[in-house]
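Observations on the model geometry
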Amino acid sequence: MQIKMDPSVSSQSQGQKEVSLKQGDLFSATIKSKNGNEATLQVRGQEVKVKTDGKLPDSGRVQLEVTGTKDGLPVVRQAQQQTSAQTPDFVKMNDGKPLSGELKTALQQLSAKGVQVDPALIKELNQFLTKTDGSLNQKLETIQAAVSKNLDLTANKLTAIHSALHGPPISKVVTELLKSAGVDIIPGQKHSASQIHQAARQQLIQALEMLAKDAPEARGMLKQLEATGDVKSVAAEAQKVFNSLLEKNPDAAKLLQNALKLDSLVQPIVQSQPINQSKALLVQDVKTAIQKMPDVMKVTEQFSALANNPKINADVRQSLQQAAVKAEHLVQNGQELQARQIMMQGIEQATAAYPLKAASEQYMLSDELTSQIPMHSRDVIVTRISEKMSQAAIDFKNIQKDMTRNLSQIEFAANRQQLQQSKPLLEATIRMLDKAILKGDFMLYTDMKTEKDLLKASGQLAEASKLLAKGEVAQAARITSDVKAMMERIEFKPSDVKVQHFVSKEVMQLEQPSIQKMTAHNLQQSMQNLRNEPSARHVFEHVRAMGMTFENDQAHSLLNKNQEQAASLKAMLMKMAGEGKSDQTLSQLTGQQLLSKTDSNGLQSMVMTLPFILQEKVENFKVYMQSKNGSQKVDWENCNLYFLFDTKKLGEVGVSLNVSERNLTIKMKNDQPDFEKKMEPITSLAKERLEKIGYSVQQLQFDKMTIDESEEMTVQSKQAVPIMTEKGYDFSI
């Protein structure tokens, strides 16, 4: 799979300045190539063509001087070694004021790397060095990181990068946000039967008060409810008496359905008579079919069979038969969503009559039901099959149809020995699939197996493209044929947990929550998804929830007004900053974005610090990434990844992954002597999961996290973490 960096909307990729060389400039450069009296240099991460005056080395880094211009190109010659008298007068540039030891060291290093020093730069560096906490080595590493990314060396940018590299753990900020917003780290609160029964009464009262505006007899039912407290019988009577009025008042109808649904949860306790569980299970099977079965014709057949089952209560059976007639009519008119809604309304009545037996008075409610307590003015979604789910299914079918059509054309071309001509179509198909995996709405609701199948298909098509380039047409044709067969077999099946998250979010929005609560909710869900199903899409959504793609998402939402923009941590912090509440976390997130901007030296390096849930607490992990940078894409087949986890029991754990042509070498680092033994249960599982998405694990090694001084005296830093260099991150230690 290819991950694209979008340069058209990313604000972080616009700050790179073109190198300008003027007569008299002294600068440091790397010689890339020579051709007669011309040479190609790499200056501050950019390639520059120049004319040469005199002899230059064939390669390597040299100090050069600009002597003039010729044919529109600067003319350079190798500069003489500077004497102490030729050293730039930094004191003079600093208005004659003496330099601090830190500032002098930083300026000397920058000057040695060919960075032009002027009074403005000295002022910015001095501000950064004096106002920022941390050791000199940490500050110099921050400056080096900014230089390697070809960023302007301003105090604000240096402070942001320093916060990203050496700032406090972001897990504390996230934990405090969740606590202040009243959002649990692990969702799923228990509610007693009395709480649920009270909630059902409130829903029924609201429904009857709405009906009383047009039908005064509803007041009598309110008195009956107050006297008996029997939610089920009063709600059933209201549905029967006000049937025609409820069709005109959908809000009241939904409130009645909610009351019956909530009341059904406590019926197994309050009822003394035994419950016929076989009928309850039969009703539950039909309900599941309405929610998940893709073929609506089979759903209506199953629903009609239940409606005509003589073992079902006559009143319930009559209600189901009426719903079945309406649903069949809607299906014939192509209105699948409305048909499912009608059947679901009918099945809710059957569920109330035949509820499943509960084991105790305490219930672990799903997100869908938890979100209804406390009660809202109305319920947005009654069933898990919502308009969003239907649209997601349609989107998936469209992608599936387009890909199958493209692969059929490629297969047809292969049969006619014309597969080479189909390579552009194959590349377009790969891009289509990759975009669907990372940005398609349907991927937010599908199960993990489907996502893995699509990732595997992307990798296989990329392999077919490489084989075509090598002329191995037969093997490429076989792979495309296999992918086509797999795509035809895949069915879109929404994941229960993901649908419940969507329902919970939609219902919560009815309250018009604060941006803090919405952000906390999004972060909690993204961390929970990453914990339960650590998939590629869940990682991407977690990065979005943090605000790492904030500018990109904002630009797209402005271009596409129908696209909603999720509340991210950075969006919330920016709003607080606009209200005069600055936050170091905002600086930290901005620093991560700066460190992840597109490089100009042929490499793409990124660094991110992300919160995750470990043993019901929010912890940190850092990600360092480096790969070739081709056409704004990260090369997933050839890259280096380093994960640094901070855990309470094991301490710091480092995981290094080196990928070359999909062959993967893994090195796990920790200082505990029995670390390898503890990791044995999960290493085989990790290998299996990596191989499923197209990698081949060649080697798995274990090593110490810190380096013993007696073993390695020359290592400056004992921490086994990638170091930022001019060529990106150094993963060698």
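Residues numbered from 1 in each chain as written. Predicted model: local features only at pLDDT ≥ 70, side-chain atom pairs only at ≥ 80, totals over all residues. Heavy atoms only, no water.

1. Notes on the overall build of the chain
For clarity, the threshold we go by: Segments assigned H or I by DSSP are reported as helices when at least four residues long, segments assigned E as strands when at least two residues long, and all are numbered from the N terminus. The Shrake-Rupley method, run with a 1.4 Å probe sphere, supplies the accessible areas, and residue values consider only the shown protein chains as cover.
Along the backbone of the chain there are 27 helices and 16 strands. Split by element, the accessible area of the chain, about 36800 Å² in all, is 49% carbon and sulfur.

2. What about the nonpolar core?
Filter applied, for reference: Here the nonpolar core consists of buried residues drawn from Ala, Val, Leu, Ile, Met, Phe, Trp, Tyr and Cys, with membership extended through side-chain atoms lying within 4.5 Å. When accessible area is computed with a 1.4 Å probe and restricted to protein chains, residues below 20% of their type maximum are described as buried, those above 50% as exposed, and intermediate ones as partly exposed. Residues are treated as being in contact if the distance between any of their heavy atoms lies within 4.5 Å.
Counting residues in each nonpolar core, the largest one holds 30 residues, and the members touching the most others are Leu 125 and Ile 161. Counting residues per element, the ones that place at least two in this core are α2 (101-112), α3 (119-131), α4 (136-148), α5 (155-166), α26 (584-595) and β11 (633-647). If sequence neighbours within four positions are ignored, Ile 161 has contacts with Thr 142, Ala 145, Ala 146, Leu 151, Gly 591, Leu 594 and Leu 595.

3. Focus on the sheet that holds strand β4 (residues 46-52)
Keep this limit in mind: A strand pair is defined by DSSP finding two or more bridges across the two strands. Lines fitted to the C-alpha atoms define the axes, with helices restricted to the stretch that makes contact. Angles between their N-to-C directions range from 0 to 180 degrees.
Around the barrel, which closes on itself, the five strands sit in the order β2-β3-β4-β6-β5 with mixed pairing between neighbours. Direction aside, the axes of adjacent strands within the sheet are offset by 60° on average. Across five bridges, strand β2 (residues 26-35) lies against strand β3 (residues 38-43) in antiparallel orientation. Bridged to Asn 35 within β3 is Glu 38.

4. Some details on the packing of aromatic side chains
Note on aromatic pairs: each is described by the distance of the centres and the angle between the planes. Selection rule: Aromatic rings from Phe, Tyr and Trp, with only the six-membered ring used for Trp, were paired whenever their centres fell within 6.5 Å, and each pair was classed as stacked if the ring planes differed by under 30 degrees, edge-to-face if by over 60, and tilted otherwise.
Summed over all chains, the structure comprises six aromatic pairs. Centroid distance Phe 612 to Phe 621: 5.5 Å. Interplanar angle 75°. Geometry classified as edge-to-face. With a relative accessible area of 12%, Phe 612 lands in the buried category. Overall, the relative accessible area of 10% leaves Phe 621 in the buried class. Ring plane angle 80° and centroid distance 5.7 Å describe the contact between Phe 612 and Phe 645, whose orientation is recorded as edge-to-face. One end of the pair, Phe 612, is in strand β9 (residues 603-614); the other, Phe 645, is in strand β11, and 33 residues separate them in sequence.

5. What about the pairing of strand β12 (residues 651-660)?
Regular strands show a simple pattern: their side chains alternate between the two faces of the sheet. Relative to strand β13 (residues 663-669), β12 is paired through seven bridges, and the arrangement is antiparallel. Across the sheet, residue Gly 654 finds its bridge partner in β13, namely Lys 669. The turn joining β12 and β13, which pair antiparallel and follow one another in sequence, is formed by two residues; a positive phi near 50° is taken by Glu 661.

6. Description of helix α14 (residues 314-332)
Definition in use: A helix is expected to span 1.5 Å multiplied by its residue count minus one. Arc definition: directions from the helix axis to the C-beta atoms.
Taking 1.5 Å per residue as the helical rise, α14 with its 19 residues ought to reach 27 Å, and the 27 Å between its terminal C-alpha atoms agrees with that figure. For α14, the set of buried residues is Val 316, Ser 319, Leu 320, Ala 323, Ala 324, Ala 327, Leu 330 and Val 331. For α14, the buried positions fall inside an angular range of 145° around the axis, keeping them on one side. Facing away from the buried side of α14 by more than 90 degrees, the exposed set consists of Asp 315, Val 325 and Gln 332. Within two residues after α14, Gly 334 carries a phi angle of roughly 80°, on the positive side.

7. Brief notes about the packing of α3 against α4
Geometry of a packed helix pair, given as the angle between the helix axes and the separation of the axes. As a reminder, the rule being used: Note on terminology: angles under 35 degrees are roughly parallel, angles over 145 are roughly antiparallel, angles of 65 to 115 are roughly perpendicular, and the others are oblique. Throughout, a crossing is termed right-handed when the near helix is turned clockwise from the far one, and left-handed when it is turned anticlockwise from it by less than a right angle. Here the term charged refers only to Asp, Glu, Lys and Arg, the term nonpolar to Ala, Val, Leu, Ile, Met, Phe, Trp, Tyr, Cys and Pro, and the term polar to all other amino acids, Gly among them.
Interaxial distance between α3 and α4 falls to 11 Å at its minimum, and their mutual angle equals 140°. Between α3 and α4, the angle is such that the two are oblique. Of the two elements, α3 crosses α4, and the hand of that crossing is right-handed. In this structure, α3 contributes Leu 125, Phe 128 and Leu 129 to the contact, and α4 contributes Lys 139, Thr 142 and Ile 143. Along the lines of polarity and charge, the residues of the contact of α3 with α4 split into four nonpolar, one polar and one charged.

8. Here's the deal with helix α9 (residues 231-241)
Turning to α9, its buried residues are Val 231, Val 234, Ala 235, Ala 238 and Gln 239. For α9, the angular spread of the buried residues around the axis is 135°, confining them to a single face.

9. Regarding the confidence of the model for the chain
Applicable threshold: A residue's pLDDT is simply how confident the predictor is in it, with values from 0 to 100.
Confidence along the chain averages 76 in pLDDT terms, with 78% of residues attaining 70 or more. Within the chain, strand β8 (residues 362-364) has the poorest average pLDDT of any element, 31, and β13 the best, 91. Long-range and interchain partners of residues 357-386, a stretch whose pLDDT sits below 50, account for 93 contacts in this model, where long-range means more than four residues apart. Here residues 723-733 scores under 50 on pLDDT; set against residues more than four positions off or in separate chains, the count is 42 contacts.

10. Brief notes about the pattern of salt bridges
Which entries qualify depends on this criterion: Salt bridge criterion: a side-chain nitrogen from Lys or Arg within 4 Å of a carboxyl oxygen from Asp or Glu.
All told, the structure shown has 17 salt bridges when counted by the stated rule. With a shortest N-O distance of 3.7 Å, Glu 411 and Lys 484 are connected by a salt bridge. Placement of Glu 411 in helix α17 (residues 387-415) and of Lys 484 in helix α20 (residues 473-489) is noted, with a sequence separation of 73 residues between them. Judged by its relative accessible area of 23%, Glu 411 falls in the partly exposed class. Each of Glu 38, Lys 51 and Asp 71 takes part in salt bridges that share partners, so that together they form one network.

11. Focus: the side chain of His 162
Definition in use: Under the rule applied, a polar contact is a pair of N or O atoms within 3.5 Å (in protein, one hydrogen donor and one hydrogen acceptor; residues adjacent in sequence only if both atoms are side-chain atoms).
Within the secondary structure, His 162 is located in helix α5. Looking at His 162, its side chain comes within polar contact range of the main-chain oxygen of Asp 133, at 2.8 Å.

12. Considering unusual backbone geometry
If you check the backbone angles, Asp 71 has positive phi at about 55° while not being a glycine. Mapping Asp 71 onto the fold places it in the loop between β5 (60-70) and β6 (73-78). Take Asp 71: its relative accessible area is 64%, and that puts it in the exposed class.

13. As for the environment of Asn 308
Here Asn 308 is to be found in the loop between α13 (296-307) and α14. A relative accessible area of 52% places Asn 308 in the exposed class. Contact partners of Asn 308, with chain neighbours within four places excluded, come to Arg 317 and Gln 321. A distance of 3.2 Å separates the side chain of Asn 308 from the side chain of Gln 321, its partner in a polar contact.

14. With respect to the environment of Gln 63
Assignment of secondary structure puts Gln 63 in strand β5. Residues Gln 63 and Lys 113, spaced 50 residues apart in sequence, show a C-alpha to C-alpha distance of 9.2 Å.

15. Focus on the packing of α13 against α14
Relative to each other, α13 and α14 sit at 160°, their axes nearing to 9 Å. Judged by the inter-axis angle, α13 sits roughly antiparallel to α14. For the crossing formed where α13 meets α14, the hand is left-handed. Of the residues in α14, those in contact with Val 296, Met 297, Thr 300, Phe 303, Ser 304, Leu 306 and Ala 307 of α13 are Arg 317, Leu 320, Gln 321, Ala 323, Ala 324, Glu 328 and Val 331.

16. Re the environment of Glu 124
Of note, Glu 124 is situated in helix α3. In this structure Glu 124 comes out as partly exposed when scored by relative accessible area, which is 26%. For the pair Glu 124 and Leu 153, spaced 29 residues apart in the sequence, the C-alpha separation amounts to 7.1 Å. With sequence-adjacent residues up to four places away left out, Glu 124 is seen in contact with Leu 153, Thr 154 and Ala 155. A distance of 2.7 Å separates a polar atom in the side chain of Glu 124 from the backbone nitrogen of Ala 155.

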